Structure formats: C-alpha cells, structure tokens
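Secondary and tertiary structure notes
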Amino acid sequence: MTSKALIPFLTVESNGRRYALGEGQSWAIGRGDGCAVVIPSRSVSRLHALIQRRDAGDLALVDLGSRNGSFVNGVRVSVPVTLRHGDQLMFGDQQVAFHNPAQPELVLAAGTDTRDEPTTALNTHSLATILVVDIRDFTPLARTLPESLLSQTIGTWFLRTGQIAQQRGSWAQKYVGDAVMAVWAHPREERVGEEVRRVLEAASEIDAATAEISRTMGLPAPLRIGAGINTGPAILGGSDYTALGDTVNAAFRLESATKGIGLGVALGERTHHELAAAVRERFERREVELKGYDGASVAWAISFEGLRETLRG
C-alpha cells in the first residue's frame, strides 16, 4: 500500500485546493460538480480533461476535446501525456501543479534553449491503418446522467479503449470529444494483412468492453459504439504523434457512415482488400456518401456480433 506521503496530487493555483490522486484508475477534471477535480472557471469545460493511471502505474493526462485546451509545461495536449513530478498544467486560464513525491523532479538545466534543436521529423506517406471509435448518442445520454456518473463512465471508457488499442499494437491514440482515434503504422508491407486483423480484434474488444462498462455502471441505457477503419498513406510523426491526411479524414467519415448503414463497423476498400479471403467475404458492400467527398464511396460493413463470429472462425 502506498504511503499517504507518496500519493500523487494536484494543486490549483487560483484557490490552493489540493486533490489527491490515490485511489481509483481515472480522475475527471472540469468545472462540473461531478468531476474529481473541480475548477470553477468559465474557461474550463464541464468535462475538460482526464488523468488516467496506466498499467505501469504512471499517470497520464488526456484532453477530452475541451474548447480551450489542456497544456503540460506550455505544450498543448493532443495525445495522452505521461505526467512527471513538478509538471505545470493549464486548463483554460487555470494553472495546476502536478506533484508525485515518489518520482524525482526533472529540472531543465539553466540556460538550456531548445529553439535551435532539429525539428521532430514527420514521416510523409507512411502506410497506416486508422481506427475511429465513437460513442453513439452520447449527447442525449450526457444530459440524463448525473455529472459524477458521466465523468466516471467516459473516464473508464477512454481508459479501457486506450489500453486495448495499445495491447493490439497501436502506435498512438488521440481522444476527440467522445471518440478515440488509434493509429497502426505499417513499416513492412508484407505484414499489413496481419496487422489489419489486429485492428479488427481491437475494435471487437472495445465493443465488448463498452458493453461491460454499461453493465457495471448501471446506466439507464446501454452504451453503443460505431467504428470506422481505413488503410492508406498518412503523415505520421512529430512530438505529439500526429496522424494527418485523407486516410485519417476518411476513417472519421466511415465511422459516421455506420449510423446510416445500420451496422457497427465500416471498412475502407484498402483495409478490406488486406484481409484474408475467408474474412473479406463476411463483410457487406455498401455505397455511402462520405461528407466532403464527391459522389458515392464504397464501404465494407459488418455488425459487431458478425465481427466477433468472423474473428473466432
């Protein structure tokens, strides 16, 4: 058991409030009363950010698509950032200090100037598969749930979704509102089919975890998700593990298209092509209108139940 003197905590500069990060796996940060860390400022979203305990025991900060952003030591958070003792966090216009007495503080040497260091490289047109998973009808659900249950639910879902993607080999995850984007890079073309299958396995496991969260949280209606998966060239890299390009945009559009298709999972053509023949034949060919694209696009769709059966076979 961790000594109380060694428990990580946050301090809010404006009011001196201290919030222990001892028990639990996630802590919601926002101005809503149900948040574990309440910051009463209009510049802070009701559900602004999340601190998660990871498998190794360290803590990471996730921005939940907040209007004014979350920052660690002046750098905007776009993917989960592992926190270190002494880090300075900003939520809107509110400064918060992170303390972890069990962890040594990293101090930048006086006079160190990193402005002239080489820019972190972007690897243009790397082959990648993008998975976008989104909670269905989240806005009306959020209006009916107490804020404490809402923050606990979304925090648990983000935590489990990120864990599953990492366990299945995802290169990076990004959290956008009530959606998660996970990226699989394919440096070796001969292994793309094998890696795409892992993406499908991740989507199936995320759906199962979502159902389990619904049961354990006692929600008035079950959580449901949609998944869009697309393979193609993308810009990968940078200090914030960026994934950019048409392949990424199409993955988001495919996820949105599942609502009209009536099935939980939609694949782009390259993703479908990379699957083994016995798996490919289980998907239905659909023509869909993807926002921002001219004319009809082809998607290959399947229900989550059908996906589970296909992966078992």
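Residues numbered from 1 in each chain as written. Predicted model: local features only at pLDDT ≥ 70, side-chain atom pairs only at ≥ 80, totals over all residues. Heavy atoms only, no water.

1. Describing helix H4 (residues 246-261)
Here H4 spans 22 Å end to end across 16 residues, near enough to the 22 Å set by a 1.5 Å rise per residue. Within the span of H4, buried status applies to Thr247, Val248, Ala250, Ala251, Leu254, Glu255, Ala257, Thr258 and Ile261. Residue Gly262 follows H4 closely and has a positive phi angle near 85°. (Helix = DSSP H or I, 4+ residues; strand = E, 2+ residues; numbered from the N terminus. Expected span 1.5 Å × (residues − 1). Buried < 20%, exposed > 50% of the residue type's maximum accessible area, 1.4 Å probe, protein only.)

2. Section: the nonpolar core
Burial of nonpolar side chains together is a common tendency in soluble globular proteins. By size, the foremost hydrophobic cluster in this structure holds 50 residues, and its most contacted members are Leu131, Trp157, Leu200, Phe283 and Leu307. Sort the elements by how many residues they give to this core and helix H3 (residues 192-217) lands first, with 10 residues. Apart from residues lying up to four places away in sequence, Trp157 is in contact with Val133, Ile135, Asp178, Val180, Ile206, Thr210, Ile213 and Ile225. Grouped together as the second largest cluster of nonpolar side chains are 20 residues, Leu10, Trp27, Ile29 and Ile39 included. (Core = buried A, V, L, I, M, F, W, Y, C linked by side-chain atoms within 4.5 Å. Contact = heavy atoms within 4.5 Å.)

3. A word on the side chain of Thr161
Mapped onto the elements of the fold, Thr161 is located in helix H2 (residues 147-167). The buried category is assigned to Thr161, whose relative accessible area is 2%. In this structure the side chain of Thr161 is engaged in a polar contact, spanning 2.8 Å, whose partner is the backbone oxygen of Trp157. Beyond its immediate stretch of four places on either side in the chain, Thr161 contacts Val180 and Ile206. (Polar contact = N/O pair within 3.5 Å; in protein donor to acceptor, adjacent residues only side chain to side chain.)

4. Regarding the pairing of strand S10 (residues 88-91)
Residues Leu89 and Phe91 point to one face of S10 and are all buried, whereas Gln88 and Met90, pointing to the other face, are not buried. When strand S7 (residues 70-72) meets S10, the two strands line up antiparallel, connected through 3 bridges. Each bridged residue has a counterpart across the sheet, and for Ser70 the counterpart in S10 is Phe91. Looking at chain direction, S10 and strand S11 (residues 94-99) are connected through 4 bridges and run antiparallel. Looking across to S11, one finds that Met90 is bridged to Gln95. The turn linking S10 back onto S11 is made up of 2 residues, and Gly92 within it adopts a positive phi angle of 60°. (Pairing = 2+ DSSP bridges.)

5. So, the pairing of S11
By the bridge criterion, 4 bridges tie strand S1 (residues 9-12) to S11 in an arrangement that is antiparallel. Pairing of Val12 across the sheet is with Val96, part of S11.

6. Let's talk about the environment of Glu274
In this fold, Glu274 is placed in the loop between helix H5 (269-273) and helix H6 (277-280). The buried category is assigned to Glu274, whose relative accessible area is 19%. Residues Glu274 and Glu195, 79 residues apart in the sequence, show an inter-C-alpha distance of 9.3 Å. If sequence neighbours within four positions are ignored, Glu274 has contacts with Val192, Gly193 and Val196.

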